[in-house]
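Overview (structure and organization)
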Amino acid sequence: MTDVRIRDVSVAFETTPVLRDVTTAAAGGEWLGIIGPNGAGKSTLLRCLAGLQSYAGDVSAGGVDLRTLGTRDRARLVAFVPQSPVLPEGMSVHDYVLLGRTPYVSYLANPGRADRAVTAESLELLHLQGFRDRQLQSLSGGERQRATIARALAQQPKVLLLDEPTSALDIGHQQHVLELVDELRASQDLTVLCTMHDLTLAGQFCDRLTLLHHGRVEAEGTPREVVTRERVQQVYDASVDVTLGIDDRPVVVPARRQRQP
Ligand SMILES: Nc1ncnc2c1ncn2[C@@H]1O[C@H](COP(=O)(O)OP(=O)(O)OP(=O)(O)O)[C@@H](O)[C@H]1O
């Protein structure tokens, strides 16, 4: 299984620091949730791992410094599902998911039978068989989100990076996708790093959480350790109640501030 280590990672845009000496790690096969308010640096951190953002510091997966890998080797190791993917115009769902096989297809060759089988399996896992010939642009937001996850699974990565994977999904598909990721994690030895805004869902699915605030690690640990009423109030400036649900995992309930008379 492939562990991910992030050490002293810093990113600045112009002169504005966005990540400041971020150090955290996911053990092989673990699901690490990255949480924090808007603008905390969550997506930027995932983009560093995906090779889309330059950074100071070190990031490794399975002991390999990700900077040393070429595009194809990196894509076999790490798959990234961005929050708002740019989808190619005029492409069918099937062909888009088949793109996930690119790192396995030789230059100038066409995808083979095995690539098509993995693509069909990914479509099935995300309940997209009925959409295989539809144009991407004709899909709803949630269907597009499932298509991007299917493309990432077709990459057969060791590390899956998910940026807000359930933001466009209804409650049923949220659960389906997160359960599926959890099953794949177990069956395919995947290590998962996932940004999430829903702290209750994050607590239910993640083994550990890293809380970012203003680009720094504010807290990390088990969901129960990280998601406390006081911390959510302080970091998110939110009024909430936090109770413990199944398996002592936190349940975060917004508590409406006093109504104005
Ligand atoms: N290319 C860029 N140029 C300048 N600033 C940027 C750039 N990309 C991100 N930022 C800034 O970096 C900060 C962190 O952005 P990031 O997208 O990582 O936050 P986030 O925690 O994922 O937020 P959200 O929860 O809103 O998605 C934000 O203030 C954002 O405006």
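Residues numbered from 1 in each chain as written. Predicted model: local features only at pLDDT ≥ 70, side-chain atom pairs only at ≥ 80, totals over all residues. Heavy atoms only, no water.

**A short note on the overall build of the chain**
- Looking only at helices and strands, the chain has 9 helices and 12 strands in total.
- Relative to the globule expectation of 18 Å for 261 residues, the C-alpha radius of gyration of the chain, 19 Å, shows essentially globular dimensions.
- Within the chain, buried positions represent 47% of all 261 residues.
- Taking all contacts inside the chain whose residues are at least 6 apart in sequence as the whole, residues at least 24 apart take part in 64%.
- Here the chain carries 28 positive and 32 negative side-chain charges, and the mean point of each set is 3 Å from the other. (Helix = DSSP H or I, 4+ residues; strand = E, 2+ residues; numbered from the N terminus. Rg over C-alpha atoms; globule rule 2.2 N^0.38 Å. Buried < 20%, exposed > 50% of the residue type's maximum accessible area, 1.4 Å probe, protein only. Contact = heavy atoms within 4.5 Å. Lys, Arg positive; Asp, Glu negative; His and termini not counted. Charge placed at Lys NZ, Arg CZ, Asp CG, Glu CD.)

**Quick notes on the environment of R229**
- Mapped onto the secondary structure, R229 falls in helix 9 (residues 229–236).
- Distance from R229 to P250, taken between C-alpha atoms, is 9.6 Å for residues 21 residues apart in sequence.
- Non-local contacts of R229, meaning those with residues more than four positions away in its chain, are made with V240, D241 and V242.
- Of note is the side chain of R229, whose polar atom sits 3.2 Å from the backbone oxygen of V240. (Polar contact = N/O pair within 3.5 Å; in protein donor to acceptor, adjacent residues only side chain to side chain.)

**Quick word on the UniProt feature "domain: ABC transporter" (unreviewed entry) in the chain**
- When the UniProt feature table is mapped onto this chain, "domain: ABC transporter" (unreviewed entry) is found at residues 4–239.
- Helix and strand shares over residues 4–239 are 36% and 25% respectively, and the end C-alpha atoms of the span are 34 Å apart. (UniProt positions renumbered as here; feature names shortened; annotations may be inferred.)

**Looking at the pairing of strand 10 (residues 216–221)**
- Note: strand 9 (residues 208–213) against strand 10, 5 bridges, orientation antiparallel. The residue of strand 10 that forms the bridge with T210 is E220.
- Count of turn residues in the strand 9/strand 10 antiparallel hairpin: 2 residues, of which H214 carries a positive phi of about 50 degrees. (Pairing = 2+ DSSP bridges.)

**Focus: the nonpolar core**
- Judged by nonpolar contacts, the single largest core of 47 residues is most densely connected at W31, I35, V93, L126, L160 and V227.
- Of the residues forming this core, the biggest block, 6 residues, is contributed by helix 5 (residues 141–154).
- For L126, the residues in contact, after removing those within four places along its chain, are R146, I149, A150, L153, V177 and L180. (Core = buried A, V, L, I, M, F, W, Y, C linked by side-chain atoms within 4.5 Å.)

**What to know about the environment of W31**
- Inspection of the secondary structure puts W31 in strand 3 (residues 31–35).
- Every residue in contact with W31, bar those within four places of it in the chain, is listed here: L178, V181, D182, R185, V192, C194, F205, C206, D207 and R208.

**Examining the site of the ligand**
- With respect to spatial proximity, the complete set of residues near the ligand consists of F13, V18, P37, N38, G39, A40, G41, K42, S43, T44, Q83 and H197.
- In the environment of the ligand, an oxygen atom lies 3.0 Å from a nitrogen or oxygen atom belonging to the side chain of N38.
- Taking G41, its main chain carries an N or O atom lying 2.9 Å from an oxygen atom of the ligand.
- When isolated, the ligand has an accessible area of 640 Å², and the protein chains bury 55% of it. (Near = heavy atom within 4 Å. Areas by Shrake-Rupley, 256 points an atom, 1.4 Å probe, with all protein chains shown as cover.)

**Considerations on the sheet that holds strand 6 (residues 78–81)**
- The sheet built from 6 strands is open, its strands ordered 6-7-8-3-9-10 with mixed pairing. Strands with a single pairing partner mark the edges of an open sheet, and in this sheet they are strand 6 and strand 10. Taken pair by pair, the neighbouring strands of this sheet meet at an average axis angle of 15 degrees, ignoring direction.
- Two strands pair when backbone bridges link them, and strand 6 and strand 7 (residues 159–163) are joined in this way by 4 bridges, in the parallel orientation. Note that in strand 7 the partner of V78 across the bridge is V159.
- In the packing of helix 1 (residues 42–49) onto the sheet, contacts are made with strand 3, strand 6, strand 7, strand 8 (191–195) and strand 9, and the angle to strand 7 comes to roughly 150 degrees.
- Docked against the sheet, helix 5 engages strand 6 and strand 7, running at close to 175 degrees with respect to strand 6. (Axes fitted to C-alpha atoms, helices over the stretch in contact; angles between N-to-C directions.)

**Brief notes about unusual backbone geometry**
- Of note, E14 is a non-glycine position whose phi angle comes to about 55 degrees, a positive value.
- Within the element layout of this structure, E14 appears in the loop between strand 1 (4–13) and strand 2 (16–26).
- Residue classification places E14 among the exposed positions, given a relative accessible area of 81%.
- In this structure, H214 takes a positive phi of about 50 degrees despite not being glycine.
- Mapped onto the elements, H214 comes out in the loop between strand 9 and strand 10.

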